[in-house]
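Examination of the molecular architecture
Residues per chain are reported as follows:
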Amino acid sequence: MHAEAMMDRILLDALVTGLPMIPVFLGIYTVFRLREDFDLTVEGSFAAGGAVTTVTLIAGLHPALALVAGALAGGVCGVLTAGLHLWLRIPVLLAGLVMSIGLFSVTLHILGTPTRSLLAVPTVFTWFPATPGAGADLRMSIILAVFVTALVTAYAWFLRTEVGLALRATGVNALMARSQGVNDRAITVLSLFLANAMAGFGGGLIVQTQGYADVNMGIGTFVAGIGALLLGELLVRPGRSTVLRIVVCVAAGTLAYRLILVVALRAGLPAGDLRGVTALTLVVAVAAQRHLRDAVGALRARMTPDPKLEGSTR
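What this report covers is the structure whose coordinates are included nearby. Not measured: the values here are computed from a predicted model.

It is worth spelling out the overall build of the chain at this point. For the chain, the helix and strand inventory stands at 13 helices and 2 strands. Residue burial in the chain is summarised as follows: out of 314 residues, 47% are buried. Contacts in the chain between residues at least 24 apart in sequence constitute 78% of all its contacts with a sequence separation of at least 6.

Structure below.
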């Protein structure tokens, strides 16, 4: 019975900490896989979105609108990165690095102090009656799932639109997409805005979940996101054209990654060593994806009958 209670506790912890990160890692997936690029802005936009959500909540804004404000703040960060890339011809990777460094100071100015508490401030969780013990985490998980599902559904719908198809097409073959009349510059701005808006939304959810905002909360987000995406791709082969599988891939990878961290903490690992666990997870995911892909390909080749042999036996 004790083991079952411990497992329930671990799963709830993974949900509470993992659900808010699904939008963030979905934003990373948008640039990393759909656009075949690296955008480090998410580390700054995640913290900036959380900071804007925090100060607007303290100012008395409705918690849902505070999430929207955080998402818009993150989106603006993405647009600035796009501006550095398009008008100053700085590569997205370098532009994102510059933005993530600069946004540290911006986030600090927004908060006014390195850490800002949301104690006694209404959040999305105060709409529902409080429950003691594990029931509180279950209630929090359900509320988080509602917000995340709504955002993910809107994202999936967007990818099925004409603009969403154009975004995916530019990642596959930008030259072909431009020949079909797609404005690649506009799509670049849109993709960076979308990715960082989702990071800002996730930051807003995180600060309401943990009850405070911290200027350092975005550090390591990009590397963690890449590790989670690679884990998801091991579990689910998303493909570029299957929107549902893309969403499932990101969600599965995010929750699996958070589960690994929660288990490590429950096993007694110091919190300061979690970045080492993140780095190790990334290495294992990359190695497993490379070698398992070859093994699965070889297995499929063995299981697939040779048409020539079939013809000769007829």
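Let's pick the thread back up.
Let us look at empty space enclosed by the protein. A full pass over the atoms with the stated rule returns 1 cavity of 30 Å³ or more. Taken as a whole, the largest cavity holds about 30 Å³ of empty space. Taken together, G27, I28, V31, F32, D37, D39, V42, A195 and F222 make up the lining of the largest cavity. No other element matches the 4 residues that helix α2 (residues 21-34) contributes to the lining of the largest cavity. Residues that form the lining of the largest cavity fall into these classes: 6 nonpolar, 1 polar and 2 charged.

Attention now goes to unusual backbone geometry. The phi dihedral of E36 falls on the positive side, at around 55°, and the residue is not glycine. With respect to the helices, strands and loops of the structure, E36 is situated in the loop between α2 and α3 (41-58).

F25 and I28 are the most contacted members of the largest nonpolar core, which totals 64 residues. Among the elements that make up this core, the one with the highest residue count is helix α6 (residues 134-160) (10 residues). Ignoring any residue separated from it by four or fewer positions in sequence, one finds I28 in contact with V42, T221, F222, G225, I226 and L229. Counting residues in hydrophobic clusters, the runner-up holds 6 residues, among them C77, L84, A95 and L103.

Turning our eyes to something else, we now look at the layout of surface pockets. Taken as a whole, the largest pocket holds about 890 Å³ of empty space. Contributing to the lining of the largest pocket are 28 residues, with M217, I219, R258, L261 and L274 lying nearest its centre. Looking at the lining of the largest pocket, the elements that each hand over two or more residues are α1 (2-18), α2, α9 (184-210), β2 (212-214), α10 (221-235), α11 (243-266) and α12 (274-303). The dominant element in the lining of the largest pocket, judged by the number of residues it contributes, is α11, at 6 residues. Each residue belonging to the lining of the largest pocket can be placed in one class, and the counts come to 16 nonpolar, 7 polar and 5 charged. Taken as a whole, the second largest pocket holds about 280 Å³ of empty space.

Note on placement: T81 falls in helix α4 (residues 63-87). On the basis of relative accessibility, which here comes to 0%, the residue T81 falls in the buried class. At 2.7 Å, the side chain of T81 forms a polar contact with the side chain of T41. Each residue touching T81, except ones within four places of it in the same chain, is listed here: D39, T41, V92, A95, G96, M99 and L192.

Scoring rules and cut-offs
Residues numbered from 1 in each chain as written. Predicted model: local features only at pLDDT ≥ 70, side-chain atom pairs only at ≥ 80, totals over all residues. Heavy atoms only, no water. Helix = DSSP H or I, 4+ residues; strand = E, 2+ residues; numbered from the N terminus. Buried < 20%, exposed > 50% of the residue type's maximum accessible area, 1.4 Å probe, protein only. Contact = heavy atoms within 4.5 Å. 1 Å grid on protein atoms, 1.4 Å probe; cavity = no way out; pocket = protein on both sides within 12 Å on 5 of 7 lines; lining within 4 Å. Points joined across faces, edges and corners; volume = space filled by probe spheres on them. Nonpolar A, V, L, I, M, F, W, Y, C, P; charged D, E, K, R; others polar. Core = buried A, V, L, I, M, F, W, Y, C linked by side-chain atoms within 4.5 Å. Polar contact = N/O pair within 3.5 Å; in protein donor to acceptor, adjacent residues only side chain to side chain.

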